[in-house]
Each structure stands twice: as C-alpha cells, then as structure tokens.
Amino acid sequence: MDKKEADKELLAIDSGDMFQPYRWSVGKYGSKFLLELKENKKLFGVKCPKCGRVYVPPRKVCGRCFVAMYEFVPVSDEGEIVVCAIIEFGFVDPETGKQRPVPYGYVFVKLDGADTALPHFLDSADPEKVKVGARVKAVFEENRKGSIMDIKHFTLI
Ligand SMILES: [Zn+2]
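Residues numbered from 1 in each chain as written. Predicted model: local features only at pLDDT ≥ 70, side-chain atom pairs only at ≥ 80, totals over all residues.

A. Highlighting the overall build of the chain. Counting its regular elements, the chain contains two helices and eight strands. Going from the N terminus to the C terminus, the chain shows its helices and strands as α-α-β-β-β-β-β-β-β-β. Across its three principal axes, the chain shows a C-alpha extent of roughly 60 × 40 × 35 Å. Counting the 157 residues in the chain, one finds 20% classified as buried. In the chain, the share of contacts with a sequence separation of at least 24, taken over all contacts with a separation of at least 6, comes to 49%. (Helix = DSSP H or I, 4+ residues; strand = E, 2+ residues; numbered from the N terminus. Buried ≥ 20, exposed ≤ 12 C-beta atoms within 10 Å, placed from the backbone. Contact = placed C-beta atoms within 7 Å.)

Here is the structure:
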C-alpha cells in the first residue's frame, strides 16, 4: 500500500456494545445559557464591565481583562461566519453516536451582538456559499433538551 492509500485507510476496532453514563455540571453560566436556549430559543452572552466584549457562550471571567462578568445580554440567533470548513471525512458525532453524513459544513459564527464566535454545524456544504462573511441563522430543534445541540445547525440566509 502506498502512502496516499495508507492515509485514507480507516481502522475500526469492534469493542462490542458499550455504554458509559456520565453527568457533569455546566455551571451557573452554562445553565442559564442552555436553559434559555431550551425553554425560549433565546441566546445569551455575558458582557465584560471593563472592555464591553460580549462572550457567547457566556463565561465567568473576561479573557482579556481578567475581571468577573455578571451582566447577561441577549444576542441574536443570526450572525456571520468567521471561520468555516467543509468536512468530507467521516466522523462519529459524539452527541448521537452516529456518523454524520458527509460532506457537511462546520462554522464559527459571530452572532449579532456578540464579540466571540460559537462553533456549530452548518446545513450546507456548498463551497460557493460557505464563506467567511456569509450570514447564517440558528435552526432550533423542536424537542430541546438543554444542550448546545438544541441548535440543530445553522443555515445560510
Ligand atoms: Zn474585558
């Protein structure tokens, strides 16, 4: 097998059926973010009192000013792609345990009103349309569970 072929080869190890339950706290800020997403389809960030940056998802301390942040602010469910990729390599989604159909888009979205970017899936893999600067909108799951996957994916607008 030449190097090019070897790079494409996927190894699979059959470990049988396995189930590992887990539970971990997302903290106060993560809880508010995920509850608003689940209950109201609203997205919130937290604003730095010193520099004014709005972080989405919210975090406790501004990474630039090292000050605590307490002010939650709503942000839009629409925004702009700041980083994008079209994935053409198989990937088992840890949220579902199933392989995502390829190709698919993966983007970092700066929501309107936010200063940071939120990574998520995009429902398009069209190289003519999936570009930095393209406008996108969140598509919410109908039955939300309190997870970042309550945003089903983003879609181009
Ligand atoms: Zn700051």
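Here the narrative resumes, following the displayed structure.
B. The nonpolar core, seen in detail. By size, the foremost hydrophobic cluster in this structure holds 25 residues, and its most contacted members are V56, V75, V107, V109 and L111. Mapped onto this core, the elements with two or more residues apiece are α2 (27–40), β1 (43–47), β2 (54–55), β4 (78–87), β5 (104–111), β6 (118–122), β7 (135–140) and β8 (151–156). Looking at this core, the element that brings in the most residues is β5, giving four residues. Not counting residues within four places of it along the chain, the set of residues in contact with L111 comprises L43, V56, V75, S76, E78, G79 and L118. (Core = buried A, V, L, I, M, F, W, Y, C linked by C-beta atoms within 7 Å.)

C. How the structure looks around unusual backbone geometry. Along the chain, V56 connects to P57 via a cis peptide bond; the corresponding omega equals 0°. By secondary structure assignment, the location of P57 is in the loop between β2 and β3 (71–75). Here the amide bond leading from V102 into P103 is cis, since omega sits at -5°, within 30 degrees of zero. Secondary-structure assignment places P103 in the loop between β4 and β5.

D. Expanded view of the sheet that holds β2. Read from one edge to the other, the open sheet built from three strands follows the order β2-β1-β3, with strand pairing classed as antiparallel. Lying at the two open borders of the sheet, with one neighbouring strand each, are β2 and β3. With two bridges joining them, β1 and β2 adopt antiparallel strand pairing. The residue of β2 that forms the bridge with K47 is V54. (Pairing = 2+ DSSP bridges.)

E. Representation of the pairing of β1 within the structure. Most of β1 sits out of view: five of its five residues are buried. Residues L43, G45 and K47 of β1 are buried on one face, and the alternating residues F44 and V46, pointing to the opposite face, are buried as well. Pairing geometry for β1 and β3, over five bridges, is antiparallel. Along β3, the bridge assignment pairs F44 with P74. Taking the residues that link successive antiparallel strands as the turn, the β1-β2 hairpin has six residues, and the phi of G52 there is positive, at about 85°.

F. Examining the environment of D126 more closely. Residue position: D126 is located in the loop between β6 and β7. In the structure, D126 is positioned 22 residues away from Y104 in sequence and 8.7 Å away in space, judged by C-alpha atoms.

G. Representation of the environment of I151 in the model. The residue I151 is located in strand β8 in this model. Looking at I151, the number of C-beta atoms within 10 Å reads 20, which means it is buried. Sequence-wise, I151 and A138 are 13 residues apart; in three dimensions their C-alpha atoms are separated by 6.2 Å. Ignoring any residue separated from it by four or fewer positions in sequence, one finds I151 in contact with H120, A138 and F140.

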